[in-house]
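# Residue-level structure breakdown
Each chain, letter by letter, is given below.
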Amino acid sequence: MERSKRQKQRKVLLMGRSGAGKSSMRSIIFSNYVAKDVRRLGATVDVEHSNIRFMGNLMLNLWDCGGQDSFVESYLSNQRSHVFTSVAVMIFVFDISSREAAADLLSFASTIRALYEFSPGSKIFVLIHKMDLVPADQKARVFQQKAIDVRTTCEDEGFQSQQVDFWATSIWDQSLYKAWTQVIYFLVPNASAIEDMLRRLADLLDARELILYERTTCLVVTHITRDAEQRNPYNDRFERISSILKTHKHSMAKHTGTMASEVSFAELQIKTGDFMFFITRLTENTNLAVVMPSDEASFNAARVNVQLARREFSHLDIVEKRGKDVQRQGKDGPALEEVRMADDGEASSSGRASDR
Amino acid sequence: MVSRKLDGFTPASQLTLMRYLQGLHEAEPPSSPNSQARYHTGRLPNGRHAGSKPRLMLMGQKRSGKSSISSVVFHKMPPSETLYLETTTAIQSRSLHSFMDFQVAELPGHLDYFNPEFDQASIFGDIGALIWVIDAQDEYLDAINQLNNTIIYLSTTYPAINIEIFVHKVDGLSEDYKNDTFRDIIQRVQDELSDAGYENPPVSFYQTSIYNHTIFEAISKVIQKLIPQLPALESLLNSLCSSCRIEKAFLFDIPSKIYVATDTSPTDTSSYEVCSDYIDVIVDLEEIYGWDRSVENGYSMEERDETGNGDSESLVTMEKKGHNYLYLKEINRYLALICLMGEDSPAEKKVLIDYNVGVFQEAIEKIFPRNDR
């Protein structure tokens, strides 16, 4: 009981018609599948629950709901309140190549009607998926059209426009990571506190860019970009790096014969004539990527400083406000620690409102 | 007379053929018709550019996969796009400008080269290795016959050419079937050749597929046989490995991801794969952050002067003890040294590694002098 209070639970529903790509996305992001492995996945039967630990104190209850009509019927009728209560985020997946666009929209409408009934304050992320099947020159137009149709439906059902976000995705490129990063960013409770600390760190290191990644999923939590680097032509570089890191993990796992989830590097550094770059562990659940100018001395200084900064960041993982208290106590008083943290569970959610 | 013969070929091939034909009369004739060919370095008694730049020839039946191999390995085409390649109709000769300047010629599969119309000297005269591609998923008996005829023909005229047989498209086959087919092909070829009286032909067999790393490994081994400096490179890598306690070192050609040399400890596929994937990581990250900053006034000019050295270096350390870590150092624009290190901590050995790699780099400069690149 206390354990679940200590961690912030967020219920996330993943819904969409059968074959839209929900389970594939979920396996790539959270289960270390590579894009071509998803062919093995069969239709999801009823609901698949995953409890995913993210950033230490965030527990995502991901409900991957089977999209076949019979299951959807069941959610909307006899499981209605069970499924749609206390939802923080609904991720709805549309298959852009589907030939039943009208039926898809109807299904969507009835789903969000149920959502509005039980969780009217929830956020909806609409993913227009399988965009790789659309010819490049039509992508923007097709996406816009679909977004307009869906937005109209949402407004009809009572959701405000700021509650709904649209993303075009495909498992074959980094757009998948971009969309899910937004979902995660929305759910991470102390994102602005993290950003402040990172900004201070960036100034201290004189770094060009700092990117914070979640360890297992390689999703970007947040990033700080300073001065000159703003002109970097690759605006999607964060997702690209996510996808590069993920592939690297797989490659190392294959080589050492371990599971991709167990592979983690202590540090990756690259030094070239134009820039220097390193990624290292920042907290138990996050990695920090640092981009520095090409100067050996400041690069080594940066590495040392990040090591030292780890202590400061570690408390962001478990608790926010009473961080110092917990640290002082260390491992000696587990019972006391838990009680404090249970209090923090409530305190920090109100703290969050004031942060934002 | 020369120009009439060349009409059937594309302009690029024409130039090449012209060069061959013009140079042939300057070439040294073979010392004796039955001279023992020196297979190791592929030095051709007849070639004008003997020993300096590897030249490969891809042959095989039509639709066996020759153009796909050439595109994937030398022109960085993603394997899935090779479905859209059209049938090759004329002799294609492509150059790859890398540290070694490969030339890859591809003969369309449906032509008969023993027809007197074809100028065999111009086609076969200058190549170091002949790669014969057999489609393992198709009927291969006919291919084997053609192959054997070619080998027997070449054994008399151009005995120094290495014959490399790629048993291709093995990704779609089950493990057992793959091995059976492989063994069957080897058996048939060797039987036929020994029946024809050709003992110890310079023939090697490889299982390949463009959908994984096997094709790169096979081409790496083919190319290595054509590099005369290979023994020097190997001994350099060996001494590097023993002095720094490196488990495995590769000298990679970055654009094509073929490895030019490795140390003499046993090589397994997974080491090659992890190094090859690692190059991808580095190249991608370099692309993202190595963008042209010269638009900023004054900033980049100073920076560049300070650092000078444009070659990159990279290191990955793993969290758990007992897992290897990877070290990469660009030797020049095309070559990179990649080492799979043992279990010792990098911090202690970094100075040692830096010094030894520096020595290695100087040695490479001497082996491949600048004008040859």
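Refer to the structure presented above.
Given the structure is predicted, the values throughout are model-derived calculations rather than measurements.

## Points about the overall build of chain B
A tally of regular secondary structure across chain B gives 11 helices and 11 strands. Within chain B, buried positions represent 51% of all 373 residues. Long-range pairs, those at least 24 residues apart, make up 68% of the contacts in chain B between residues at least 6 apart in sequence. Counting only carbon and sulfur atoms, one obtains 50% of the accessible surface of chain B, whose full area is about 17700 Å².

## Re the interface of chain A and chain B
Each partner contributes residues to the interface: chain A has 40 residues there, and chain B has 40 residues. Counting the surface lost from both chain A and chain B, the interface buries some 3500 Å², and carbon and sulfur atoms represent 59% of this. Interface area lost by chain A to chain B is led by A:I244, A:H255 and A:K271, which between them contribute 16%. Scanning the region where chain A abuts chain B turns up six residue pairs in polar contact (both at pLDDT 80 or more).

## Examining the state of the cysteines
Per the counting criterion, the structure on display carries zero disulfides over all chains. The structure places no disulfide on A:C154, whose sulfur is separated from the nearest cysteine sulfur, that of A:C65, by 17 Å. The exposure class of A:C154 is buried, given its relative accessible area of 1%. A disulfide-free cysteine, B:C244 has its sulfur positioned 7.5 Å from the sulfur of B:C339, the nearest such atom. Overall, the relative accessible area of 1% leaves B:C244 in the buried class.

## Remarks on the pattern of salt bridges
All names here are of chain A. Under the criterion given, the structure shown has 22 salt bridges over all chains. Residues D203 and R226 are paired through a salt bridge, measuring 3.1 Å at the closest nitrogen-oxygen approach. Here D203 is found in helix α8 (residues 191–205), whereas its partner R226 is found in the loop between β8 (220–225) and α9 (237–256), with 23 residues between them in sequence. Here D203 falls in the partly exposed class, since its relative accessible area comes to 47%.

## Observations concerning the pairing of strand β5 (residues 162–168) of chain B
Residues and elements named next belong to chain B. The buried count for β5 comes to seven of seven residues, which makes it a mostly enclosed element. Summarising the sheet, strand β4 (residues 129–135) and β5 pair through seven bridges and their orientation is parallel. Across the sheet, I134 pairs through a bridge with V167, a residue of β5. Taking the sense of rotation as the criterion, the β-α-β connection linking β4, helix α5 (residues 141–157) and β5 turns out right-handed. Looking at chain direction, β5 and strand β6 (residues 203–207) are connected through five bridges and run parallel.

## Some points on helix α8 (residues 230–244) of chain B
Residue and element names in this part refer to chain B. In this model α8 runs 21 Å from its N-terminal to its C-terminal C-alpha over 15 residues, within 8% of the 21 Å that 1.5 Å per residue would give. Buried within α8 are the following residues: L230, L233, L237, L240, C241 and C244. Relative to the axis of α8, the buried residues are bounded by an arc of 95° and lie together on one face. At the exit of α8 stands R245, carrying a positive phi of roughly 55°.

The rules behind these values
- Residue indices begin from 1 for each chain and proceed along its sequence in written order.
- Chain A is the first chain written and ligand 1 is the first ligand written, with later ones labelled in order.
- The predicted nature of this model means local features are confined to residues of pLDDT at least 70 and side-chain atom pairs, given and counted, to a pLDDT of 80 or more, with totals for whole chains, interfaces and linings taken over all residues.
- Hydrogens and waters are ignored; side-chain quantities use all the structure's heavy atoms.
- Labels follow the DSSP assignment, with helices taken as runs of H or I lasting at least four residues and strands as runs of E lasting at least two, numbered in each case from the N terminus.
- Residue burial is assigned from relative accessible area. The probe radius is 1.4 Å, only protein chains are included, and a residue is buried under 20% of its type maximum, exposed over 50%, and partly exposed in between.
- Contacts are assigned to residue pairs that have any heavy atoms within 4.5 Å of one another.
- Areas reported here follow the Shrake-Rupley algorithm with a probe of radius 1.4 Å; residue values treat only the protein chains shown as occluding.
- Put simply, buried area is the surface a 1.4 Å probe can reach on two separate parts but cannot reach once they are joined, added for both.
- We define a polar contact as two N or O atoms separated by no more than 3.5 Å, with the added condition that, inside protein, one atom must be a possible hydrogen donor and the other a possible acceptor, whereas residues neighbouring each other in sequence contribute only through side-chain atom pairs.
- Any two cysteine sulfur atoms within 2.5 Å of one another count as a disulfide.
- What counts as a salt bridge is simple: a side-chain nitrogen of Lys or Arg found within 4 Å of a carboxyl oxygen of Asp or Glu.
- Only strands joined by at least two bridges in the DSSP assignment are considered to pair.
- When the strands point away from the viewer, a crossover counts as right-handed if the path from the first strand over the helix to the second runs clockwise.
- By this rule, a helix spans an expected 1.5 Å times one less than how many residues it contains.
- Along the arc lie the directions from the helix axis toward the C-beta atoms.

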